[in-house]
Amino acid sequence: MLTAAAVLAVAVLGGAYALGHVLGRPGGPLAPPTPRAQQQPEPHAGAEPDVRPGDRPGGRPQGRGDPGLTAPPPEGGTGTGAPAATSPGAQPSPGGSPQPGTTGPDPDHGPAQLPAERGGPYGARISTGDSYVALTFDDGPDPRYTPQTLAALRDHHVKATFCLVGQNAKAYPELVRAIAADGHTLCNHSWQHDLKLGSRSGTTIRADLERTNAAIRAAVPDARIGYFRQPGGAWTSSVVAVARQLGMTSLHWAVDPQDWTRPGAGTIAARVTAGVTPGAIVLLHDAGGNRQGTVNALYRLLPNLGRWYALAALPTAPRPA
């Protein structure tokens, strides 16, 4: 028969085990509570940190590198992303490391205009004719999105090509001057974005293009306008011929992420990253609607593409001797 002392000892040990099972781990010591400052919130699945009003969250860009390395600008801001450490003469290599190569067009000694391109609509250019990639921005200038676009390009030391609508150039001459002052190439995009311009008479086409060039040169008197882009890409032989008569190369594109549909910064960046090849001309927009998604996408695209390609503006006429 157990003594009273033994019964008491068994009761005490059993009670201690039961208490430990309730408050801690069965058969072990109580775990110390985690300090509140060390607790990490569970990330929200599918969150898109750079969504702005009017954008829909887009998918994460797929392709070479991580397009999300550089932070997008704050709401309504111009962004302060660090300049990408890229070489303007970088070319893609099998291992992903930039190799010395072409540095893009020479604005001082390059051709007055690129020649017609076989395979392009009615001879309109769909490539740069070299390994560098050209980013182009349509429909501006716009007082909200053009300054942000210029800031993103400036932050990453990239030159681009801006296709200007004549009415907008007339309304915002200071933005035309800002584009030219940053060294970007200027392109005629018709007076009022007339999708049917190519089907009109040669006289009407010529008057439209000349009026647009005049509005651009009213802001920048010595502007070199070496390119014309037909709104909507609705090319005809007539509009290409008139542009050529006025000394302008017709400029189409090879990559269209359809940013004007506002799919979100992530989707825009993904589509461009997936579609770009050496020599591609990329169609983007800095006006014509809510373009915050495009601006935000630049802070993903510029450092990512810059690791693989030289990014440059299309060549313009040589400066006078």
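Here, every reference points to the structure presented above.
Packed helix pairs are characterised by how far apart their axes lie and by the angle those axes make with each other. At a closest axis distance of 8 Å, the pairing of helix α7 (residues 265–275) and helix α8 (residues 292–306) adopts a crossing angle of 40°. Judged on the interaxial angle alone, α8 and α7 are oblique. Like other packed secondary-structure pairs, α7 and α8 cross with a definite hand, here right-handed. Contacts from A265, G266, I268, A269, V272 and T273 in α7 reach G293, T294, N296, A297, R300, L301, N304 and L305 in α8.

Within the sequence span of helix α4 (residues 173–181), burial applies to L175, V176 and I179. The buried residues of α4 occupy one face: seen down the axis, they fall within an arc of 105°. Looking at the buried positions of α4, the neighbouring elements they touch are α2 (145–155), β4 (161–164), α3 (166–171), β5 (185–188) and α5 (202–219). Positive phi appears at G183, one or two residues downstream of α4, with a value of about 85°.

Across the 5 residues that make up strand β8 (residues 281–285), a large majority, 5, are buried. Burial of the side chains of β8 extends over both faces: I281, L283 and H285 are buried on one face and V282 and L284 on the other. For strand β3 (residues 134–140) and β8, the ladder comprises 5 bridges, and the chain directions are parallel. Following the sheet pairing, A134 is matched in β8 by I281.

Right, let's talk about the side chain of D208 for a bit. Checked against the element boundaries, D208 lands in helix α5. For the buried residue D208, which engages in no salt bridge, the nearest side chain bearing the opposite charge is R211, 6.7 Å off.

Across the sheet, which stays open at both edges, the 6 strands sit in the order β7-β6-β5-β4-β3-β8 with parallel pairing between neighbours. A single partner strand is all that each edge strand has here, and the edge strands are β7 (249–250) and β8. Here 4 bridges tie β3 to β4, and the two strands are oriented parallel to one another. For D138, the partnering residue across the bridge sits in β4 and is C163.

Further remarks concern the packing of aromatic side chains. For the structure shown, the criterion picks out 2 aromatic pairs. With a centroid separation of 5.2 Å and 25° between ring planes, the pair formed by F137 and F162 is classed as stacked. A residue pair is termed long-range when its members are at least 10 positions apart, and F137 in strand β3 and F162 in strand β4 qualify at 25 residues. Assessed through its relative accessible area of 0%, F162 is described here as buried. Taken together, a centroid distance of 5.9 Å and an interplanar angle of 90° make the contact between F228 and W235 edge-to-face. The exposure class of F228 is buried, given its relative accessible area of 0%. Above the plane of the ring of W191 lies R211, whose end atom (NZ or CZ) is 3.9 Å from the centre.

Cis geometry marks the peptide bond from G140 to P141, where omega comes out at 0°. With respect to the secondary-structure elements, P141 resides in the loop between β3 and α2. Backbone geometry places Y122, a non-glycine residue, at a positive phi of 55°. Checked against the element boundaries, Y122 lands in the loop between β2 (99–100) and β3. The phi dihedral of D139 falls on the positive side, at around 85°, and the residue is not glycine. Mapped onto the fold, D139 is located in strand β3.

What follows covers the environment of Q167. On the secondary structure map, Q167 appears in helix α3. When its relative accessible area of 37% is taken as the criterion, Q167 is described as partly exposed. It is 9.4 Å that separates the C-alpha atoms of Q167 and P141, two residues lying 26 residues apart in sequence. If we ignore the near neighbours within four places in the chain, the residues touching Q167 are W191 and Q192.

Analysis parameters
Residues numbered from 1 in each chain as written. Predicted model: local features only at pLDDT ≥ 70, side-chain atom pairs only at ≥ 80, totals over all residues. Heavy atoms only, no water. Axes fitted to C-alpha atoms, helices over the stretch in contact; angles between N-to-C directions. Helix = DSSP H or I, 4+ residues; strand = E, 2+ residues; numbered from the N terminus. Parallel < 35°, antiparallel > 145°, perpendicular 65-115°, else oblique. Left-handed = near helix turned anticlockwise from the far one by under 90°. Contact = heavy atoms within 4.5 Å. Buried < 20%, exposed > 50% of the residue type's maximum accessible area, 1.4 Å probe, protein only. Arc of directions from axis to C-beta. Pairing = 2+ DSSP bridges. Lys, Arg positive; Asp, Glu negative; His and termini not counted. Salt bridge = Lys/Arg side-chain N within 4 Å of Asp/Glu carboxyl O. Phe/Tyr/Trp six-rings, centres within 6.5 Å; stacked < 30°, edge-to-face > 60°. Lys NZ or Arg CZ within 6 Å of the ring centre and 35° of its normal.

So, to be careful, I would describe these as geometric facts and stop short of saying anything about function.
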